[in-house]
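# Fold and contact review
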Amino acid sequence: MNNNELADVFDKIASLMEIKGEVIYKTLAYRRAAESLRVLPADISSYWKEERLTEIPGVGKAIAEKISELLQTGELDFLNRLEQEVPPSLLELLQVPDIGPKKVALFWKQAGVKTLVELETAARNGKLKTLPGMGEKSEARIIAGIEALSRRSKRMLLGNAWSIANRFLSELRSQPGVVRAEAAGSLRRWKQTIGDLDLVTACTDPAPVMEWFTSHPECHRILGKGESKSSIELNNGINVQLWAQPPERFGTLLQFVSGSKEHNVRLRELAQKKGLSLNEQAIIRDDGSEMLFSDEEGIYETLGLQFVPPELREDRGEVQAAGGNKLPVLVKPGDLQADLHMHTTWSDAAHSTKDMALAARTLGYHTLAITDHTSGLGIAGGLTVEGLAEQRKEIDQVQQELGDTIKILQGAEVEIKADGTLDYPDEVLKKMDIVVASLHTSLRQPRERITERLVNVIRNPHVDIIGHPSGRLMPNREGADLDYDQVLQEAQKAGVALEINAHFSRLDLDEIYVRRASEMGILIAINSDAHTTDQLEQIIYGVSVARRAWLNPDLVINTWDRDRLVDWLKSRGRS
DNA sequence: GCCGTTTTCGGCCCGACTGTTTTCAGTCG
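### Some details on the environment of A7
With respect to the helices and strands, the residue A7 is situated in helix α1 (residues 3-20). Residue A7 is classed as buried on the basis of its relative accessible area of 0%. Note: C-alpha distance between A7 and K66 (59 residues apart in sequence) is 12 Å. Residue contacts for A7: discarding those within four places in its chain leaves A34, L37 and R38.

Written as structure tokens, this is what we have:
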């Protein structure tokens, strides 16, 4: 069982306990443990073998024993007994909006509803409205919620979420009375996938703004409408929330809605210890007087903390670090001076070498690497060894035209074949300016085999960067089942750089492992993998991964100046 | 069930909105 599977088990336990009516703090403990497991950088089995399970935040004696049992037997007696008491089919009811554990328990115990289908039947037959606390409207809301489930898309990818949010924000900013409007929630934290969109606005009179929002042409139905908060479902099934406060309270609003929830809980605990109370409108002193904040900075200052960048607000140690003035320096998009992975018309991309070089120069880079696919990746029209010579001529010519304003490296994204060998022979790789090696195919090989495949490539002295290490494509293609402990150790030994691929359906290396890599001092390359000139700018998504991972900027090879980058390549045998 | 610069036991964050209720429970973020 891996970390995520264990986390799923504990989330399931938490939900079943909630339905059962167990004290809330027990269920919270299981949720917290589950979240901890999901972001754990190393394989859980290594903690288990070393008897370090209780070092994991949120894991105490009881949960450690359950992890042990699951790892040893693949089963959990406690869960089996829980499922005897509370039918696990009830969990699907929790998917319906506006249905929580209390309602599930009510429908189950008083109407005999155990599945989603039974719930819909009961609702349509008017069997729910007579239950205590229920009524006509609640029943209709449940039917609407069940219908919404089928419309509701899964989580959005970061880049898609930003484009929808930006569209709403620009309309919002032109509404009368709107002083400021920003994205908040997981989008502002640049989480790799986004559930609902949260927008916040500072405005003098919220009523007309809320009216505009709830009558938006893309609105399919209104989920809620109030003075300070409204919520709608769009035609494409996405939910959008809009929060409003007067300008002088915008800071607390933005902070509150940006979350994460867990980060906010930490802040409020801290506030409490200082005799303060924090909510979306103000910080309130013991005597009931309010402190107002138009910006976020003052909030953190009042709590005795460094300002915490949104990307770090996940309750992964940032509050403690901010209290000790120990927050890391983070990479900024402007720090990048090179892009070392992109494609041209020599393989499957849209623009020429010169187009890409000019676009990269506009971004202020000193170097770009043209890394077209190799012939083994047939689908991408890869470049043969013979083609390389012609490409070299073209690069030399463009280089001459552009002079010293930007350096063009001839590289390749070499295919790591299913048998673990590379698509070009070593003597060809040796002559290139830079080599990125990537997995695209046979990603479903068993863990040992695919890990070995990658490790051998890491050890190849002619490979400089491992491109998108797992090969995942969100939301549909899972990455390879790599043994990351081994991959990271080998990368550290070999001095190879691991890529953060900035394409928002990749974001690979995953932030969890980037954080570990940073602690281990492993080099990282943040690359766009651009197939058009526009896509060079998608590098911001890669930067967001680095920031969320607390990555030390000095480890990012494309933040280095040209001399340092050249020296590094020389140290790897490049001329 | 977890956790500790006020604690190894007694805490564990805060409010808006909705619908069903006449003061509150449930859900959500």
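Still more ground to cover, so stick around.
### What to know about the domain arrangement of chain A
For chain A, the assigned domains are domain 1 (3-151), domain 2 (156-245), domain 3 (250-323) and domain 4 (333-571). Just the C-alpha atoms count here: the centres of domain 2 and domain 3 sit 22 Å apart. Contacts between the two partners involve 16 residues from domain 2, matched on the other side by 17 residues from domain 3. At the boundary of domain 2 with domain 3, total buried surface from both sides reaches about 1400 Å², with 64% on carbon and sulfur atoms. Summed over the three residues of domain 2 that lose the most area to domain 3, namely R188, R189 and Q245, the buried surface amounts to 51% of that side. Linking domain 2 with domain 3 are three salt bridges.

### Here we look at the sheet that holds strand β10 (residues 290-291)
Read from one edge to the other, the open sheet built from three strands follows the order β8-β9-β10, with strand pairing classed as antiparallel. Only two strands of the sheet have a single neighbouring strand rather than two, namely β8 (277-278) and β10. With two bridges joining them, β8 and strand β9 (residues 283-284) adopt antiparallel strand pairing. The partner of L278 across the bridge, within β9, is I283.

### Points about the protein's contact with DNA strand B
Around DNA strand B, the structure places 46 residues, and the nearest of them are G60, G100, G135, K225 and R268. Expressed as a percentage, the sugar and phosphate content of the atoms of DNA strand B within 4 Å of the protein is 77%. Taking Y30, its side chain carries an N or O atom lying 3.3 Å from a phosphate oxygen of DNA strand B. The contact in question runs from a phosphate oxygen of DNA strand B to an N or O atom on the backbone of K137, over 3.4 Å. Broken down by element, the surface near DNA strand B gets its largest block of residues, five residues, from helix α13 (residues 261-273). For the surface near DNA strand B, a count of residues per class yields 14 nonpolar, 14 polar and 18 charged.

What counts, and at which threshold
- Residues numbered from 1 in each chain as written.
- Chains lettered and ligands numbered in written order.
- Predicted model: local features only at pLDDT ≥ 70, side-chain atom pairs only at ≥ 80, totals over all residues.
- Heavy atoms only, no water.
- Helix = DSSP H or I, 4+ residues; strand = E, 2+ residues; numbered from the N terminus.
- Buried < 20%, exposed > 50% of the residue type's maximum accessible area, 1.4 Å probe, protein only.
- Contact = heavy atoms within 4.5 Å.
- Domains from an automatic or database assignment.
- Buried area = accessible area lost by both parts, 1.4 Å probe.
- Salt bridge = Lys/Arg side-chain N within 4 Å of Asp/Glu carboxyl O.
- Pairing = 2+ DSSP bridges.
- Near = heavy atom within 4 Å.
- Polar contact = N/O pair within 3.5 Å; in protein donor to acceptor, adjacent residues only side chain to side chain.
- Nonpolar A, V, L, I, M, F, W, Y, C, P; charged D, E, K, R; others polar.

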